[in-house]
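Listed here are the chains, written in short residue letters.
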Amino acid sequence: MAHEKVVVRFPPSPTGYLHIGGARTALFNWLFARQKGGKFILRIEDTDRQRSTDEAAKAILESMEWLGLDWDEGPYFQSRRYDIYEDFIERLISKGQAYHCHCLPNELEQKRKEAMARGLKPKYDGKCRDMGLGPAPGSVVRLKAPLSGITQFHDLIKGSIRFDNEELDDLVLKRSDGSPTYHLAVVADDINLGITHIIRGDDHVNNTPRQILIYKAIGESLPQYAHVPMILGPDRARLSKRHGAMSVLAYRDMGYLPHTLINSLVRLGWSYGDQEKFTIEELINKFSLKNVGKSAGIFNTDKMLDLNARYIRETSNNILAELLTPFLKKSGFHNLDREIVTAVAGTLKMRSKTIREMAEGASFYFQERITYEKKADKKFLKPEILPLLEDITERLQKLPVFTKDVLEKTFVDFLEKNEIKLKKVAQPLRVALTGKTVSPGIFEIMEVLGKDKALDRISNAVVHIRAGK
RNA sequence: GGUCCCAUCGUCUAGGGGUAAGGAUAUCGGCCUCUCACGCCGAAGACACGGGUUCAAUUCCCGUUGGGACUACCA
């Protein structure tokens, strides 16, 4: 007992993509398991055959993999474990803890409405509870729940929580089509898989006493519960599609690093003093349920953007090139030279908050023919800088090597001779080279572009200016 | 409606009977500068309200308000 091995699980239902709330729950479970040297099990809860899809299941696995949350067992699919539930239900029935119920859905719906109308609790009235009925077409199996008393448990995050059993009713365990309901399947599986700790969203707090009742009915000891506060949208409402991108994969596609998402998610609800950035190793060491807060939080990407920018800056150019390549391809740039992409990433990493942004900022490097932004053209490509452009062109042409340092020296001479500041030519040159007013430093750009391309672009600008636009 | 949970800057949070209530991000101002960023400096910004308990409450207790969740043959 004292040295019981920790076994936790993450049980998404494949009715949609993995959203950030689910991802955080998975992360907390994963961290807990890794820290305790325990087991992390992935279980797909697909007992709702109508709403579950294979694509969703695949997207969830892909999300988990992208985040680096590897599981030790599974994925188990509940739809393939019906014999376990069947057996479980039979045991409950034979123990007299569950019974067949012949009430019709519409009849129950009717009763519920009436009860609501009279201001009563809309719970099952227990009509079939003591009738000793057998199975029949269209019948269900219900738990014979206690009519009085209290059910309480100690939540690792929220402390002691108690419920009056009168609030609960005889919940359905087996549907009329023979499939298990959520509560039954969860408990049967958690027992079957030896789950010791259930870390889940606090939207399940109210489900907990129902599930505890099933544990008690079957005579099994309870796991430990830890209910993590929910993540809400900016309007403080439960997360949903209308809050925009909530899917883990969407963040990948927006150019976030998986580590950024992990770090942001863990800090939403959990804290470790004033520390904001954590490596995975640190998280595994430092995570604790004790430091998980009790109140719901709003998912705000401002802070995550900043974190992403920091992580990008810390990532090697090589890895950035690897991450950047798919985004460049999506922009239509193919036959990319790895060395160039690496250099490009190096010039952009200080000013990119996402990899997507980096790709956008990189496009001028790869375009055959750049186009000038209208305002940039008008403001900087003016006839009066023609002499300067011609002068610098001549100097650049003579250079045997085209590196940042050499370029810088060349410009120092050029500026001195002309008695001007870099400021005067930097912007026109930037526009000539990139078409834009915002870019990495002009020397780095020229080095990456190479002598031919750089000179080519400058001479194009000269022609463009002469043509009077 | 009933039940359960929650409440510190806009947001994420630290803290905790006596604090200048700390950090991060976002915002604004300044410096740096070839643009944009980065970096640095600075500003503004919070204990929901009302009662207790106490020499002293933002902190403990109760209530109010507000928010969230659950209340299915969904998970």
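Residues numbered from 1 in each chain as written. Chains lettered and ligands numbered in written order. Predicted model: local features only at pLDDT ≥ 70, side-chain atom pairs only at ≥ 80, totals over all residues. Heavy atoms only, no water.

Visitor: How do you make sense of the packing of aromatic side chains when you look at a structure like this?
Guide: Aromatic rings considered in pairs are described by the distance between their centres and by the relative angle of their planes. The tally for this structure, following the rule as stated, stands at 14 aromatic pairs. Aromatic side chains Phe333 and Phe366 sit 5.6 Å apart centroid to centroid with 40° between the ring planes, which places their arrangement in the tilted category. Remark: Phe366 occurs in helix α13 (residues 355-366) and Phe333 occurs in the loop between α11 (317-330) and α12 (338-348); sequence separation between them is 33 residues. Here Phe333 falls in the buried class, since its relative accessible area comes to 14%. Within the aromatic cluster, the residues linked to one another by ring pairs are Phe28, Trp270, Tyr272, Phe278 and Phe287. Positioned over the ring face of Phe77 is Arg80, at 4.4 Å from the centre of the ring. Its end group placed over the ring of Phe327, Lys330 keeps NZ or CZ at 4.9 Å from the ring centre. (Phe/Tyr/Trp six-rings, centres within 6.5 Å; stacked < 30°, edge-to-face > 60°. Helix = DSSP H or I, 4+ residues; strand = E, 2+ residues; numbered from the N terminus. Buried < 20%, exposed > 50% of the residue type's maximum accessible area, 1.4 Å probe, protein only. Lys NZ or Arg CZ within 6 Å of the ring centre and 35° of its normal.)

Visitor: Would you explain the environment of Ile199 in this entry?
Guide: Mapped onto the elements of the fold, Ile199 is located in strand β9 (residues 197-201). Exposure remark for Ile199: the relative accessible area of 0% places this residue in the buried category. Between the C-alpha atoms of Ile199 and Ala343, which are 144 residues apart in sequence, the distance is 44 Å. In this structure, Ile199 is in contact with Val8, Thr25, Phe28, Asn29, Phe32, Ala226, Val228 and Leu289, ignoring residues within four places of it in sequence. (Contact = heavy atoms within 4.5 Å.)

Visitor: How should I be thinking about the sheet that holds strand β1 (residues 7-10) in this particular structure?
Guide: Whether parallel or antiparallel, the strands of a sheet pair through hydrogen bonds between backbone atoms. Sheet architecture is open: 3 strands sit in the order β1-β2-β3, paired in parallel fashion. At either end of the open sheet lies a strand with only one pairing partner, and these are β1 and β3 (73-77). Going from strand to strand, the sheet's axes swing by 25° on average, the running direction of each strand aside. Of the strand pairs in this sheet, strand β2 (residues 39-44) and β3 are connected by 3 bridges, and their pairing is parallel. Residue pairing across strands places Arg43 opposite Tyr76, the latter belonging to β3. Sitting on the sheet, helix α1 (residues 20-36) is in contact with β1 and β2, with an inclination near 165° to β1. (Pairing = 2+ DSSP bridges. Axes fitted to C-alpha atoms, helices over the stretch in contact; angles between N-to-C directions.)

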